[in-house]
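Next come the chains, spelled out residue by residue.
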Amino acid sequence: MTDKINELLKRVEEFQPQTAADVEEFRIKILGKKGELTALMDEFKTVPAEQKRELGQLINRLKTTATERINTLREQMQDVAADQKSATGDMTRPGTAETLGSRHPISRVKNEIVEVFSRLGYTVADGPEIEDDHHVFGALNFPPEHPARDMQDTFFIEKHPDILLRTHTSSIQVRTMEHQKPPIRVICPGRVFRNEAISYRAHCIFHQIEGLYIDEGVSFADMKQSLQYFAKEIFGEDTAIRMRPSYFPFTEPSAEVDVSCNLCGGKGCPVCKGTGWLEIMGCGMVDPNVLRLNGIDPKKYSGFAFGMGIERIAMLKYGVKDLRLYFENDVRFLHQFDTDL
Ligand code: PHE
């Protein structure tokens, strides 16, 4: 019995409550009518007379210690509760939940694309949205009469025909070539502006990611391999790509890249208009003229470039049918992209 009393004494001394309710619960357990002390008292009645004196003293000590400790703790807990109330209101009341926003689908897809290319050694480059003719067109081998310079595509700043809103982020690639010698491996995400009627498939503001890779001995096969890797990472392992001949003033040869339609698996459906293929970007080998215009020796270096619209990639990836949704900030649309990332 001595052991039992000592063990209880130890528990009383070591008891650390968090709240006043903890103290009360402990009090009932130890000192209450059906508590552990009462049980010890009952047991005490049955011990032989010669042990009564010693055990009696021990039980009394337990009772005083427990009563004192519980009283002290009770006071302490009340003080804490009072402090909390006076300092910041009632800390024990439930809080107001904050609703978190979510990352915009365009940012999510942009981050994902940047991540894929960073695994291939590309770094992100940035540049201004308000540009000059040289960086958007001139240094990219656009002939002076090229239709892309036409008022219909480009937003010019009134009275300053040389200043315009960039129509593609290729301007960042020009700026990179200006201050960096090959090898160059950059990815250029950013907002671009074109004077287009707003519809389900076009907007006057949208986002692009373009890439540029220049080094000795860079080939068309290198480009195809990189873009194939990109397509599989973004659209899934089973994705195939194909290239169709195309034209851009700054690349030669140029191509449009299609990915196999991941909705119908290439069989043909309304999204791919029955072709089994979806167009995702333009690409090509950097025209030697562009290298020359930017101070890079085309005899020594070659390279490839590519460019895609982020809205388009996001539409295909998430099955979004109307591009305008990305600009409307309707939380019912945006909340669908709440998960992970
Ligand atoms: N700059 C082109 C566009 O905006 C895309 C592109 C980039 C094509 C690089 C080929 C090479 O449409």
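Scroll up to find the structure.
Thresholds applied
- Residues numbered from 1 in each chain as written.
- Predicted model: local features only at pLDDT ≥ 70, side-chain atom pairs only at ≥ 80, totals over all residues.
- Heavy atoms only, no water.
- Core = buried A, V, L, I, M, F, W, Y, C linked by side-chain atoms within 4.5 Å.
- Buried < 20%, exposed > 50% of the residue type's maximum accessible area, 1.4 Å probe, protein only.
- Helix = DSSP H or I, 4+ residues; strand = E, 2+ residues; numbered from the N terminus.
- Contact = heavy atoms within 4.5 Å.
- Axes fitted to C-alpha atoms, helices over the stretch in contact; angles between N-to-C directions.
- Parallel < 35°, antiparallel > 145°, perpendicular 65-115°, else oblique.
- Left-handed = near helix turned anticlockwise from the far one by under 90°.
- Nonpolar A, V, L, I, M, F, W, Y, C, P; charged D, E, K, R; others polar.
- Phe/Tyr/Trp six-rings, centres within 6.5 Å; stacked < 30°, edge-to-face > 60°.
- Pairing = 2+ DSSP bridges.
- Polar contact = N/O pair within 3.5 Å; in protein donor to acceptor, adjacent residues only side chain to side chain.

**So, the nonpolar core**
Argument step 1. Of all hydrophobic cores here, the largest spans 44 residues; its most connected members are Ile113, Phe117, Leu227, Phe230, Ile280, Phe306 and Met308.
Argument step 2. For this core, the secondary-structure elements that each account for two or more residues are helix H5 (105–119), strand S6 (205–215), helix H8 (220–235), strand S8 (251–260), strand S9 (277–286), strand S10 (302–309), helix H10 (310–318) and helix H11 (331–334).
Argument step 3. The contacts of Phe230, once residues within four sequence positions are left out, are Ile113, Val116, Phe117, Ile280, Met281 and Met308.
Argument step 4. Grouped together as the second largest cluster of nonpolar side chains are 23 residues, Val136, Ala139, Val290 and Ala305 included.

**Side note on the packing of helix H1 (residues 2–14) against helix H2 (residues 20–31)**
Argument step 1. Where H1 contacts H2, the two axes come as close as 12 Å, and the packing angle between them is 165 degrees. Looking at the two axes, H1 sits roughly antiparallel to H2. Of the two possible hands of crossing, H1 and H2 adopt the one that is left-handed. Facing Leu8, Arg11 and Val12 of H1, the residues of H2 in contact are Phe26, Lys29 and Ile30.
Argument step 2. Of the residues belonging to the contact of H1 with H2, the class tally is four nonpolar, no polar and two charged.

**Some points on the packing of aromatic side chains**
Argument step 1. One pass over the structure, following the stated rule, counts 14 aromatic pairs.
Argument step 2. Ring geometry for Phe142 against Phe250: centres 5.8 Å apart, planes inclined by 40 degrees, an arrangement best described as tilted. Of the two residues, Phe142 is situated in the loop between helix H6 (133–136) and strand S3 (156–157) and Phe250 in the loop between strand S7 (241–248) and S8; the sequence distance between them amounts to 108 residues. For the pair shown, Phe142 and Phe250 are each scored as buried.
Argument step 3. Geometrically, the ring pair formed by Phe333 and Phe337 is edge-to-face, given 5.2 Å between the ring centres and 70 degrees between the ring planes.

**Some details on the sheet that holds S3**
Argument step 1. One open sheet accounts for three strands, arranged S2-S4-S3; its pairing is antiparallel. The open sheet terminates on both sides in strands that have one partner only, identified here as strand S2 (130–132) and S3.
Argument step 2. Bridge analysis of S3 against strand S4 (residues 160–165) gives two bridges, and the strand direction is antiparallel. From the neighbouring strand, Phe156 faces S4, where its bridge partner is Leu164.

**Quick look at the side chain of His168**
Argument step 1. Inspection of the secondary structure assignment puts His168 in the loop between S4 and helix H7 (170–179).
Argument step 2. Given the relative accessible area of 6%, His168 is considered buried.
Argument step 3. Separated by 2.9 Å, the side chain of His168 and the backbone oxygen of Val136 make a polar contact.
Argument step 4. At a separation of 3.2 Å, a polar atom in the side chain of His168 contacts the side chain of Ser170.
Argument step 5. Sequence-distant contacts of His168, defined by excluding residues within four places in its chain, comprise Val136, Leu140, Phe142, Val192, Arg194, Gln208, Glu210 and Phe250.

**A word on the sheet that holds strand S1 (residues 123–124)**
Backbone-to-backbone hydrogen bonds join strands into a sheet, with any given pair of strands oriented parallel or antiparallel.
Argument step 1. Taken together, the seven strands give an open sheet; going across it, the order is S1-S5-S6-S10-S9-S8-S7, and neighbouring strands pair in mixed fashion. Strands at the two margins of the open sheet, each flanked by one partner only, are S1 and S7.
Argument step 2. Of the strand pairs in this sheet, strand S5 (residues 184–193) and S6 are connected by 10 bridges, and their pairing is antiparallel. Bridge pairing in S6 links Val192 to Phe206.
Argument step 3. Against the sheet, H5 makes contact with S1, S5, S6 and S10, and its axis sits at roughly 5 degrees relative to S6, the strand it touches most.

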